[in-house]
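An overview of the molecular structure
Read off the chains here:
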Amino acid sequence: VHPGWPEKLGPIRVAAGVVTVRPIRLRDASAWSRLRIRDREHLEPWEPTGESPWDARHHITVWPSLCGSLRSEARKGRILPWVIELDGNYCGQITIGNIVRGALRSAWVGYWVASDVTGGGVATAAVALTLDHAFSRVGLHRVEATVRPENSSSRAVLHNVGFREEGLLRRYLDVDGQWRDHVLVGMTIEEIPTTVVDRLVRSGRASWV
Ligand code: ACO
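Just so it is clear, the model here is predicted, and its values are computed rather than measured.

Our next topic: the environment of glycine 186. Position of glycine 186 relative to the elements: it lies in strand S8 (residues 178-188). For glycine 186 and leucine 158, which are 28 residues apart along the polypeptide, the C-alpha to C-alpha distance reads 9.3 Å. The contact partners of glycine 186, leaving out residues within four places of it in the chain, are Arg142, Val143, Glu144, Phe163, Arg164 and Glu166.

Attention now moves to the site of the ligand. The immediate surroundings of the ligand are formed by 26 residues, with Val113, Gly119, Gly121, Thr124 and Asn151 found nearest. Between alanine 123 and the ligand, the recorded distance is 3.0 Å, taken from a backbone N or O atom to an oxygen atom. Within the backbone of serine 153, one N or O atom sits 3.4 Å away from an oxygen atom of the ligand. Notes on the ligand: free accessible area 1,000 Å², of which the protein chains cover 72%. Among the cavities detected, the one that contains the ligand is the largest pocket. Going through the elements one at a time, helix H2 (40-43), strand S5 (106-113), helix H5 (122-135), strand S6 (142-147) and helix H6 (152-161) are the ones with two or more residues in the shell around the ligand. At six residues, H6 tops the list of elements feeding residues into the shell around the ligand.

Basis of the calculations
Residues numbered from 1 in each chain as written. Predicted model: local features only at pLDDT ≥ 70, side-chain atom pairs only at ≥ 80, totals over all residues. Heavy atoms only, no water. Helix = DSSP H or I, 4+ residues; strand = E, 2+ residues; numbered from the N terminus. Contact = heavy atoms within 4.5 Å. Near = heavy atom within 4 Å. Polar contact = N/O pair within 3.5 Å; in protein donor to acceptor, adjacent residues only side chain to side chain. Areas by Shrake-Rupley, 256 points an atom, 1.4 Å probe, with all protein chains shown as cover. 1 Å grid on protein atoms, 1.4 Å probe; cavity = no way out; pocket = protein on both sides within 12 Å on 5 of 7 lines; lining within 4 Å. Sits in = over half its atoms within 2 Å of the grid points.

Note that all results are geometric; they support no functional claim without further evidence.
Right, here's the structure in full:
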C-alpha cells in the first residue's frame, strides 16, 4: 500500500463551480469516451501522439483495460490517476506520473479539462489540490510539468499555482505527430509556505466550500 492512494481531494470552489478530484473508476467509461471523442480538436494539439486513430483509441470499450492498468500502476505507487469533477460531474482528468522515490521523491503532473467548462478555474483548482496532496500525503519533494510554449492556457494554469519555469526542452516529446519543444516547470516543497490551495484562496482565485 502506498501513501495517499486511493483518496479524494477537495472540494474547493472556483468561478466554474465546486471542484473535487477522485480516483478513476470503471464506470467513467462513457463520460471519458464521450468527452474525449467530442473534444478531439481541443485536446489533440497538446497530447502525446497515439498509436491508433483517435476515435478507436477513445472507444468506450478501451476504458476497462486502460483503467485497469492505470489502477494497477497506482497500487504499485508509480502513478496517481484521478478524475476531475465539477459539481459532481466528470469533466476531465489529472495524473501524477513517474513517481520516483528514494533520494529524488519526484513526479510530473498532467491534466485536461472538457472544452465546455474551460476558463472557470477548474484546472487551476485541480492542480492545486493535487500538488498539496503530492507534497503531503504522497510525500514527494518535487513536482514538475512540461508544456508546449504555444499552450497559453496551460502555461497560465501552471503559473497561477506557483510553478517556476526552468528551461526549454528542445524536441522533447512526440505530440500531435511531431517532436515538440516543451517548457519545463518545477516546484519543490520549500516554495510553498502553507499550501497551494491556501495561496489560491488568499489571491481570491478559490474559496473553501
Ligand atoms: N492566452 C493566455 N491565457 C489564456 C488563454 C489564452 N489564449 N486562454 C485561457 N487563458 C488563461 C485563462 O485566462 C486562465 O488564466 P487566469 O485565471 O489567470 O485568467 C487560464 O488560462 C486557465 O485557467 P483555468 O480556467 O483554471 O484552466 P481550464 O480549466 O480552462 O483548463 C486546460 C486549462 C487544462 C489547459 C484546458 O484548456 C485543456 O484541457 N486544454 C487541452 C489539453 C491541455 O492542454 N492540457 C494541458 C497539457 S500540459 C500539462 O498537462 C502540464
